[in-house]
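Here are the chains, one letter per residue:
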Amino acid sequence: MAFPQRRLRRLRRTPTLRRLVAETRLGVDDLVAPLFVREGIDAPHPIGSLPGVVQHTRDSLRAEVKRLRDVGIGAVILFGIPAAKDPEGLGASDPDGIVQVALRDLRDDVGDDVVLMADLCLDEYTDHGHCGLLTPDGLVDNDATLGRYAEAAMAQADAGADVCAPSGMMDGQVMAIRDALDDVGHPEVAILAYAAKYASSLYGPFREAVDVEIAGGGDRRAYQQDMGNAREAMEEIRTDIAEGADMVMVKPALAYLDILARARAEVDVPLAAYHVSGEYSMIKAAAERGWIDGDAVALEHLTAIKRAGADLILTYLAGEVAEVLTA
Ligand code: PBG
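Numbering of residues starts from 1 in every chain and runs along the sequence as written. Given that the model is predicted, a residue must reach a pLDDT of at least 70 before its local features are reported, and side-chain atom pairs must reach 80 or more before they are shown or counted; all residues, however, enter totals for whole chains, interfaces and linings. For the side-chain quantities, the full set of heavy atoms in the structure was used; hydrogens and water were omitted.

K.L.:
If you had to explain the pairing of strand S8 (residues 247-251) to someone new, which residues and values would you point to?
P.N.:
Burial analysis of S8 places five of its five residues in the buried class, which makes it a mostly covered element. Buried means the residue's accessible area, taken with a 1.4 Å probe over protein chains only, is under 20% of the maximum for its type, while exposed means over 50%, and partly exposed covers the values in between. Each helix is a run of H or I in the DSSP string that is no shorter than four residues. Each strand is a run of E no shorter than two, and both are numbered from the N terminus. The alternating pattern of S8 places Met247, Met249 and Lys251 and Val248 and Val250 on opposite faces, both of which are buried. Sheet topology note: the strand S7 (residues 190-197)/S8 ladder contains five bridges and is parallel. When the bridges of S8 are listed, alanine 196 appears paired with valine 250. The parallel pair S8 and strand S9 (residues 271-275), bridged by helix H8 (residues 257-266), forms a crossover whose chirality is right-handed. DSSP calls a pair of strands paired once it identifies at least 2 bridges connecting them. Crossover handedness is defined by viewing with both strands directed away from the observer: a clockwise path from the first strand over the helix to the second marks the crossover as right-handed.

Below, the structure is given as structure tokens:
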């Protein structure tokens, strides 16, 4: 026998054959667009380290969500930048806080055509930049923070969020939010838990996007996960599901595909992955220099994330990839 009987190249010969046997198909339904809305500005603000992404005004956000809907994107997640920050992050739970106001605008505009998710955390709203309240010693106080998360969840639900997405990595946050939502008559609001969220250097551009600087040059290692820990991620995921998470997330995505695959094998709730700001910016920067084909790498990244097991992918590429997929 000169050649093996089975030649794998036969099914790669034409585009239609390749399409026929494709195991993983990325679609617009998989994508969630993260959007920033800033209080008190009258024109959208570009974000230097996230080319193509802006801090929206209320109006430009409304226009962007309609545009995304029209290219087939079915979900967005909102991040707010308040006009003023304070130690408790009051803007996160103020009924007139920027995200709550934006949720009402968007619900009016798009009804149920777009799933409205709200990131639920304090860091965009606190003057010290941490995801929770601080003790007098400057440590992040887990249990005191849970009360603030509960208040933010109620405000987001009252404003019409479909999904609250707690990203602060406090222990017990999912249970605190589920209880609060149920108590105030919002049992319909779902929770997407940032369950396995690592203390990553890939969030750099996001911090510029939300004007966050952690006080004293600090970091989030006392609440976000250590990059080397995989089994611990499964504990986080199991715990969040037990506390009532409807969906769980792994974040960032590409450096943690093993975690995603492992989570996929272990749990049956919808699994999300966040292709974070640094992952997006690396593509944009290299493409700008002509070193890579940005569109092609974008599809390769997102397909890999889906292949590893994600049902939904939060990505700043959502709009542009939707245009490519539906072209
Ligand atoms: C915290 C939060 C962060 C991101 C999403 N939610 C930043 C952080 O944990 O420091 C990062 C998203 C990204 O980098 O795209 N509210």
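K.L.:
Summarise a positive patch on the surface; cite the residues concerned and give the values.
P.N.:
On the surface, a cluster of positive charge is made up of Arg6, Arg7, Arg9, Arg10 and Arg12. In this structure, arginine 7 sits in the segment before helix H1 (15-20). The patch calculation keeps residues exceeding 30% relative accessible area without a salt bridge and links them within 9 Å when they carry like charges or within 5 Å when they are nonpolar (Val, Leu, Ile, Met, Phe, Trp, Tyr). Per-residue and other accessible areas were derived by the Shrake-Rupley procedure at a 1.4 Å probe size, with only the shown protein chains allowed to occlude residues. Here a salt bridge means any side-chain nitrogen of Lys or Arg lying within 4 Å of a carboxyl oxygen belonging to Asp or Glu. For the charge count, each Lys or Arg is scored as positive and each Asp or Glu as negative, with His and the chain ends excluded. The location of each charge is read from NZ of Lys, CZ of Arg, CG of Asp or CD of Glu.

K.L.:
Describe unusual backbone geometry, naming the residues involved and giving the relevant values.
P.N.:
Look at the link from lysine 251 to proline 252: it is a cis peptide, with omega at -10°. One non-glycine residue, methionine 169, lies in positive phi territory at about 60°. In this fold, methionine 169 is placed in the loop between strand S6 (163-166) and helix H5 (173-183). Even without glycine at this site, aspartate 211 takes up a positive phi of about 55°. Considering the arrangement of structural elements, one finds aspartate 211 in the loop between helix H6 (204-209) and helix H7 (231-243).

K.L.:
Describe the site of the ligand, and please don't skip the residues or the numbers.
P.N.:
One heavy atom suffices: a residue is near a molecule or strand as soon as one of its heavy atoms comes within 4 Å of it. In the region of the ligand, 18 residues are neighbours, and Asp123, Lys197, Arg207, Lys251 and Tyr316 sit closest. With respect to the ligand, the side chain of serine 277 contributes an N or O atom lying 2.7 Å from an oxygen atom. Its free accessible area being 400 Å², the ligand has 100% of it covered by the protein chains. Among the cavities detected, the one that contains the ligand is the largest cavity. Each residue receives one of three labels: charged for Asp, Glu, Lys and Arg, nonpolar for Ala, Val, Leu, Ile, Met, Phe, Trp, Tyr, Cys and Pro, and polar for the others, Gly being one of them. Among the residues forming the shell around the ligand, the class breakdown is eight nonpolar, three polar and seven charged. Between N or O atoms, a polar contact is any pair within 3.5 Å; within protein, one atom must be a potential hydrogen donor and the other a potential acceptor, and residues adjacent in sequence are included only when both atoms are from side chains. A pocket, in this scheme, is an open set of points on a 1 Å grid over the protein atoms alone with protein on both sides within 12 Å along at least 5 of 7 lines, while a cavity is a set where a 1.4 Å probe fits but cannot get out; residues line either one if an atom lies within 4 Å of a point. For a cavity or pocket, the test is whether more than half of a molecule's atoms lie within 2 Å of its grid points; if they do, the molecule sits there.

K.L.:
I'd like to hear about the side chain of histidine 301, residue by residue, with values.
P.N.:
You can see histidine 301 is positioned in helix H10 (residues 294-308). By relative accessible area, which is 19% here, histidine 301 ends up buried. Whether two residues touch is decided by their heavy atoms; if any such pair falls within 4.5 Å, the residues are in contact. Once residues lying within four places of it in the same chain are set aside, the contact partners of histidine 301 are Leu254, His275, Glu279 and Ile283.

K.L.:
So what's going on with the nonpolar core? Which residues, and what values?
P.N.:
Counting 110 residues, the largest nonpolar core has Phe36, Val76, Leu78, Ile237, Ile259, Leu260 and Ile305 as its most contacted members. The element that contributes the greatest number of residues to this core is S7, accounting for seven residues. Apart from the residues within four sequence positions on either side, phenylalanine 36 is in contact with Ile47, Leu50, Val53, Val54, Gln55, His56, Phe79, Ile81, Phe206, Ala209, Val210 and Tyr316. Buried Ala, Val, Leu, Ile, Met, Phe, Trp, Tyr and Cys residues that are joined via side-chain atoms within 4.5 Å together make up what is termed a nonpolar core.

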